[in-house]
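As a plain string of letters, each chain reads:
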Amino acid sequence: MLEAFLPTDVKTRVSLVHLSLLIRSSSYLFSVDLLDDSSQDNGVQTNQYRSGDSMGVLPFQNSLSGPFTYIFSFRKLWAFTGPGFLMSIAYLDPGNIESDLQSGAVAGFKLLWVLLGSTIIGLLLQRLAARLGVVTGMHLAEVCNRQYPTVPRVILWLMIELAIIGSDMQEVIGCAIALNLLSVGRIPLWGGVLITITDTFVFLFLDKYGLRKLEAFFGFLITVMAVSFGYEYVLVNPNQGGVLKGMFVPYCAGCGSQQLEQAVGIVGAVIMPHNIYLHSALVKSREVDRKNKKDVKEANKYFFIESAIALFISFLINVFVVAVFAQAFYNKTNMDVNAECNATGSPHTDLFPLNNDTLQVDIYKGGIVLGCFFGPAALYIWAIGILAAGQSSTMTGTYSGQFVMEGFLNLRWSRFARVLLTRSIAITPTLLVAIFQDVRHLTGMNDFLNVLQSMQLPFALIPILTFTSLTSIMNDFANGLVWKISGGIVILMVCAINMYFVVVYVTSLNSVLYYVLAGFISVAYLCFILYLVWHCLIALGVSCLDFGSRVRNQPAVLIEEQSEYDS
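Residues numbered from 1 in each chain as written. Predicted model: local features only at pLDDT ≥ 70, side-chain atom pairs only at ≥ 80, totals over all residues. Heavy atoms only, no water.

Quick look at the nonpolar core now. Here is a general trend for soluble globular proteins: nonpolar side chains tend to be buried in one another's company. Ranked by internal contacts, the top residues of the largest apolar core, which has 153 residues, are L156, F229, Y277, W382, F459 and F467. By residue number, the principal contributor to this core is helix α13 (residues 293-329), which donates 18 residues. (Core = buried A, V, L, I, M, F, W, Y, C linked by side-chain atoms within 4.5 Å. Buried < 20%, exposed > 50% of the residue type's maximum accessible area, 1.4 Å probe, protein only. Helix = DSSP H or I, 4+ residues; strand = E, 2+ residues; numbered from the N terminus.)

To find leftover empty space, a probe the size of one water molecule is rolled over the atoms. Its volume calculated, the largest pocket comes out at about 630 Å³. The wall of the largest pocket is formed by 25 residues, among which M455, V502, V506, A518 and I521 lie closest to the centre. At the level of elements, α7 (150-182), α18 (443-456), α21 (481-507) and α22 (512-539) are the ones that each hand at least two residues to the lining of the largest pocket. Partitioned by chemical class, the residues of the lining of the largest pocket number 22 nonpolar, 3 polar and no charged. Within this model, the second largest pocket holds a volume of roughly 470 Å³. Lining the second largest pocket are 23 residues, with Q102, E261, Q262, D447 and F501 sitting closest to its centre. Going through the elements one at a time, α4 (94-107), α11 (257-270), α18 and α21 are the ones with two or more residues in the lining of the second largest pocket. (1 Å grid on protein atoms, 1.4 Å probe; cavity = no way out; pocket = protein on both sides within 12 Å on 5 of 7 lines; lining within 4 Å. Points joined across faces, edges and corners; volume = space filled by probe spheres on them. Nonpolar A, V, L, I, M, F, W, Y, C, P; charged D, E, K, R; others polar.)

Moving on to the packing of helix α9 (residues 211-236) against helix α16 (residues 376-409). For the pair α9 and α16, interaxial distance at closest approach is 9 Å and the crossing angle is 150°. What the angle tells us is that α9 and α16 run roughly antiparallel. Viewed along their axes, α9 and α16 form a crossing whose handedness is left-handed. Taken together, the residues of the contact of α9 with α16 break down into 19 nonpolar, 4 polar and 1 charged. (Axes fitted to C-alpha atoms, helices over the stretch in contact; angles between N-to-C directions. Parallel < 35°, antiparallel > 145°, perpendicular 65-115°, else oblique. Left-handed = near helix turned anticlockwise from the far one by under 90°.)

Okay, the state of the cysteines next. The final tally for this structure, using the stated rule, is 2 disulfides. For C252, the disulfide goes to C255, at an S-S distance of 1.6 Å. Taking the torsion about the sulfur-sulfur bond, which here is approximately -70°, the covalent link between C252 and C255 counts as left-handed. A sulfur-sulfur distance of 2.0 Å marks the disulfide that ties C341 to C372. Residues C341 and C372 share a disulfide whose torsion about the S-S bond is about 105°; that sign makes it right-handed. Within this pair, whereas C341 is found in helix α14 (residues 334-343), its partner C372 is found in helix α15 (residues 363-374), the two being separated by 31 residues in sequence. For the protein, the bonded cysteines pair up as 1-2, 3-4 when numbered in the order they occur along the sequence. (Disulfide = S-S within 2.5 Å.)

Further remarks concern the packing of helix α19 (residues 458-468) against α21. Contact geometry of α19 with α21 gives a least axis separation of 10 Å together with a crossing angle of 175°. Considered as vectors, α19 and α21 are oriented roughly antiparallel to each other. Where α19 approaches α21, its residues P458, L461, I462 and L465 are matched on the opposing element by W483, G487, G488, I491, V494 and C495. Of the residues contributing to the contact of α19 with α21, the split by class is 8 nonpolar, 2 polar and no charged. (Contact = heavy atoms within 4.5 Å.)

Here we come to the side chain of Q456. Secondary-structure assignment places Q456 in helix α18. A distance of 3.2 Å separates the side chain of Q456 from the backbone oxygen of L452, its partner in a polar contact. Those residues within four positions of Q456 in sequence are excluded, and the remaining contacts are M159, I160, L162, A163 and P273. (Polar contact = N/O pair within 3.5 Å; in protein donor to acceptor, adjacent residues only side chain to side chain.)

Summed over all chains, the structure comprises 4 salt bridges. Here E298 and K76 are joined by a salt bridge, their closest N and O atoms 3.2 Å apart. Residue E298 is found in helix α13, and its partner K76 is found in helix α2 (residues 74-80); the two are separated by 222 residues along the sequence. For the pair E298 and K76, a shared accessibility class is recorded, and that class is buried. The salt bridge partner of K293 is D476, with a shortest N-O separation of 3.4 Å. Separated by 183 residues along the polypeptide, K293 in helix α13 and D476 in the loop between α20 (471-474) and α21 bring together distant segments of the chain. For K293, a relative accessible area of 48% translates into the label partly exposed. Its relative accessible area of 60% is what places D476 among the exposed residues. (Salt bridge = Lys/Arg side-chain N within 4 Å of Asp/Glu carboxyl O.)

Moving on: unusual backbone geometry. Its identity as a non-glycine residue notwithstanding, V184 has a phi of 55°, on the positive side. Mapped onto the secondary structure, V184 falls in the loop between α7 and α8 (189-204). Residues other than glycine seldom take positive phi values, yet N475 does so here, at roughly 55°. Note that N475 resides in the loop between α20 and α21.

Glancing now at α7. For α7, spanning 33 residues, the distance from its first C-alpha to its last is 48 Å, which sits close to the expected 48 Å at 1.5 Å a residue. Among the 33 residues in α7, 26 count as buried, and that is most of the element. Among the residues trailing α7, V184 stands out with phi positive, at a value near 55°. (Expected span 1.5 Å × (residues − 1).)

Turning our attention to a nonpolar patch on the surface. Where nonpolar side chains cluster on the molecular surface, the patch consists of L509, V512, Y514, Y515, V516, L517, F520 and I521 and spans about 800 Å² of accessible area. By the secondary structure assignment, V516 is in helix α22. (Patch = residues over 30% accessible without salt bridge, like charges linked within 9 Å, V, L, I, M, F, W, Y side chains within 5 Å. Areas by Shrake-Rupley, 256 points an atom, 1.4 Å probe, with all protein chains shown as cover.)

The next point concerns the environment of Y525. Residue placement: Y525 occurs in helix α22. Overall, the relative accessible area of 8% leaves Y525 in the buried class. Ignoring sequence-local partners within four residues, the contact set of Y525 consists of M455, P458, F459 and M499. A distance of 2.4 Å separates a polar atom in the side chain of Y525 from the backbone oxygen of M455.

So, on to the packing of aromatic side chains. Working definition: an aromatic ring pair is given by the centre-to-centre distance plus the angle between the planes. The full count for this structure, using the stated rule, is 17 aromatic pairs. When the centroid spacing of 6.5 Å and the interplanar angle of 65° are considered together, the rings of F217 and F218 count as edge-to-face. There is no split in this pair, since F217 and F218 are both buried. Three or more aromatic residues link up through ring pairs in this structure, and these residues are F229, F325, F329, F373, F374 and W382. A cation over a ring is seen here: K245 above Y251, with NZ or CZ 5.2 Å from the ring centre. (Phe/Tyr/Trp six-rings, centres within 6.5 Å; stacked < 30°, edge-to-face > 60°. Lys NZ or Arg CZ within 6 Å of the ring centre and 35° of its normal.)

Structure below.
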C-alpha cells in the first residue's frame, strides 16, 4: 500500500527486492535438482574433504535464514542422503535374506506383519543412534568409552565384537555361496571366502576417491538387490491380496511352534546390535554446526527422513523374498521338490530326500529350488542378488568393526592397519568354517550365529537409550518422557523376544552338558545386563538408584566436527 506514495526509483528498488526474495524462497522450496561433485548449494560442498580424511566430512551449514528455514527441501535431503542407506544394508544381509525365505516357506504370508513391525522398531532405534552422533559429535562406542568404567567397557567391547564376528561370518559365507552357485560349484566355499576378503579390501578403498562415490557404489549394490529379487517376485507373481493381508493383519492362523520360532528369528535378524554403533558413526560424515540448535534440529530431521526412505526400500526387498517363497514353496514337501528337480534335470536332487517332510531351505537350497521350478535364469539372478547383499553388508560390517574398536579402545592407527586388524578378527573363524564345512550343510551354523547376535542385542539397545536420555550428553535433544517410556518398552520387548529365541535354541540341543554350560553363562550374562539396566534406569529418571553411578554425573565432551574416518 505504501509503495504508491514512493518515488519511481524507490518503487523500482522495492520491487526488485521483493522479486529477489520470491526467487530465493521459491528455489529453496521447490528445487529438486541433484547435487553433483562440484555443487556448493546450501553450504554443502560435496567435493571438499579434509586432508588426511579417508571418507571425508561433507560440510553442512544453514545458508538461509528467515521464515523458510524449516521448510522441507529436497536439495538438503540429498545432501544428507548416504548414511541411512549404508545403515540399511544391515537389513539386507544374507542372514536377513535367509530368515525371509524360511519365513515364506514355513508360514506363507502370515508373518509379513512381523517383518513390518520389526522394521518400524528398527527405524525408531536407528533414530536414537543418529541423534546421538549428530548432537554430540561422538558415536556410541566413544560415548561408552567415556561413560562406563574400564571393566564394563572392555566387556561391552568384547560382546559387540562377538556380534560383529557373527554377522560377518554370515555375510562372507553368503558371498561364498553366491559365487559357488554362479560358478556351478567350481568355486568351493573356502575359495569364495578368499575372493570376498580380497574384493572387500579393494572396495573399501574406494572412499579415497570421495565419500559420494563410495555411497554411490553402495546405492548400486542396493539397486542390484532390488532388481534381482524384484525379478523373482514378478516371475513367481505371488497373490497380492495375500501379501497385503499378511503385511497389515497381525494374525497367524494354524501356526505352531515352528512358525513362532520363525517369527522370533525375523526380529533377531532385522535388529542387529552392531548396526546401532555403525549408524551413530556414519552420520558424522556430515559436518554440522553443533553450536547452532537450529542446524542440529534440521540435521536430525533430514537424517530421520533419509533413514525412513532407506528402510522402506529394504523392507520392500525383504517382502519380495518372503512373498516368492511363500507363493511357490509354502507347504511343499521334499518329495515334491525332488520330483520337480528330476524332471528338469537338476544335478542337485540329492539335496531333497524322498520323504514327505516339509521343505527346509537356506540361501543355497533356495537358489537350487528356484532353478528347479523356474529355470536356470532364476537361480543365477538369485545368486547375483545374494552376492550384492553379502558384498555390501561385508563392507559395512568392516566399518562397524573399525568404529567399535577405535571408540572403545581409543585407537588412532593408520587406516590400513585398522582395516587389516578388524578384517582378520572376523575372517579367521569364517575361513575355518569354510574349509571344514560343506556348502550344503550350513543351516545349523546360521542358526547358531543368529542366537549369538540375539544375545548381544542388549549391549547396543540399553546404552543407546541410556545416553540419549541424559541431558548432560544430549542437552535439549535428550529423550522426553514419551520416548523414554516407549523406548524402554520396545527394548524390553525386543530383548525378551530374542532371549526366548536363545532358550528355544539351547533346549533343542538335548545335551545336559550344554544345559550346565548355558546355565553358568546365563548367570554372568544376566549380571552384566542388570548393571547396564541400573545405569539406564538412572538416566531415565529413577534417581533413588543413583548411588555411585558415573553415568549420571559425567558430562559428555563434545568433539566439534571431528571425523572418525581420519587415517
